[in-house]
Amino acid sequence: VQLQASGGGYVHSGGSLTLSCATSGGEFTTLTVGWFRQVSGKEQQFVAATTRYGLQTYYAESVKGRFTISRDSAKNTVYLQMNNLSPEDTAVYYCTGDQTRTVNPLERHEYDFWGQGTLVTVSS
């Protein structure tokens, strides 16, 4: 499975961005897709995930109410809509996927496939 993240950029505090994770080479409907982010020098942090068939979604407490993860089966793409961004959201965002039915979507080490990161910079 290949994943291609895009949509990062520079925004002012309070602004919005939508990240996209285009997938290929796998069965999209059975793919669990997660978003993680990383600040230089720190560990990757879970942000959000959508499980196979879109049955469940998960969010980190720090982004609940501001971020929304969604999936478009027609485009084999998962989106992360990010609203009311703050400088604390500045990071490289990575999308990741796994076809395993029992994957724990909150744990980065459980994912088999990773895309390249896309940088989100939020100014104060």
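Residues numbered from 1 in each chain as written. Predicted model: local features only at pLDDT ≥ 70, side-chain atom pairs only at ≥ 80, totals over all residues. Heavy atoms only, no water.

A. Local environment of the overall build of the protein. When you go through the protein residue by residue, the secondary structure sums to 0 helices and 11 strands. Its helices and strands taken in sequence order, the protein reads β-β-β-β-β-β-β-β-β-β-β from the N to the C terminus. Relative to the 2.2 N^0.38 estimate, which gives 14 Å for 124 residues, the radius of gyration of the protein is 13 Å and therefore close to what a compact globule would have. Overall, the protein is about 40 × 30 × 25 Å in size when its C-alpha atoms are taken along their principal axes. When the 124 residues of the protein are sorted by exposure, 44% land in the buried category. (Helix = DSSP H or I, 4+ residues; strand = E, 2+ residues; numbered from the N terminus. Rg over C-alpha atoms; globule rule 2.2 N^0.38 Å. Buried < 20%, exposed > 50% of the residue type's maximum accessible area, 1.4 Å probe, protein only.)

B. Structural detail: the environment of phenylalanine 28. Mapped onto the secondary structure, phenylalanine 28 falls in the loop between strand S3 (17-24) and strand S4 (32-38). A relative accessible area of 3% places phenylalanine 28 in the buried class. Taking C-alpha positions, phenylalanine 28 is 34 Å from histidine 12, a pair spaced 16 residues apart along the chain. When neighbours within four sequence positions are excluded, phenylalanine 28 is seen to be in contact with Thr23, Arg71, Asp72, Ser73, Asn76, Thr77 and Val78. (Contact = heavy atoms within 4.5 Å.)

C. Just unusual backbone geometry, in detail. Phi at tyrosine 53 takes a positive value of approximately 60°, unusual for a residue other than glycine. The topology assignment puts tyrosine 53 in the loop between strand S5 (45-50) and strand S6 (57-59). The phi angle at asparagine 84 is positive, at roughly 50°, despite the residue not being glycine. Assignment of secondary structure puts asparagine 84 in the loop between strand S8 (77-82) and strand S9 (91-98).

D. Broad picture of the pattern of salt bridges. A full pass over the atoms with the stated rule returns 3 salt bridges. One salt bridge connects arginine 37 with aspartate 89, and the closest N-O pair in it is separated by 2.9 Å. Taken together, the residues arginine 37 in strand S4 and aspartate 89 in the loop between S8 and S9 connect sequence positions 52 residues apart. Summarising the burial analysis for this pair, arginine 37 and aspartate 89 share the class buried. Between aspartate 89 and arginine 66 there is a salt bridge, with the nearest N and O atoms lying 2.7 Å from each other. In this pair, aspartate 89 sits in the loop between S8 and S9 while arginine 66 sits in the loop between S6 and strand S7 (67-72), placing the two residues 23 residues apart along the sequence. Members of the salt-bridge network, linked through shared partners, are Arg37, Arg66 and Asp89. (Salt bridge = Lys/Arg side-chain N within 4 Å of Asp/Glu carboxyl O.)

E. Inspection of the state of the cysteines at higher detail. Per the stated rule, a full pass over the model turns up 1 disulfide. Paired through a disulfide, cysteine 21 and cysteine 95 show a sulfur-sulfur distance of 2.3 Å. Between cysteine 21 and cysteine 95, the S-S dihedral sits near 75°, and the bridge is therefore right-handed. Here cysteine 21 is found in strand S3, whereas its partner cysteine 95 is found in strand S9, with 74 residues between them in sequence. As far as burial versus exposure is concerned, cysteine 21 and cysteine 95 are alike and both buried. (Disulfide = S-S within 2.5 Å.)

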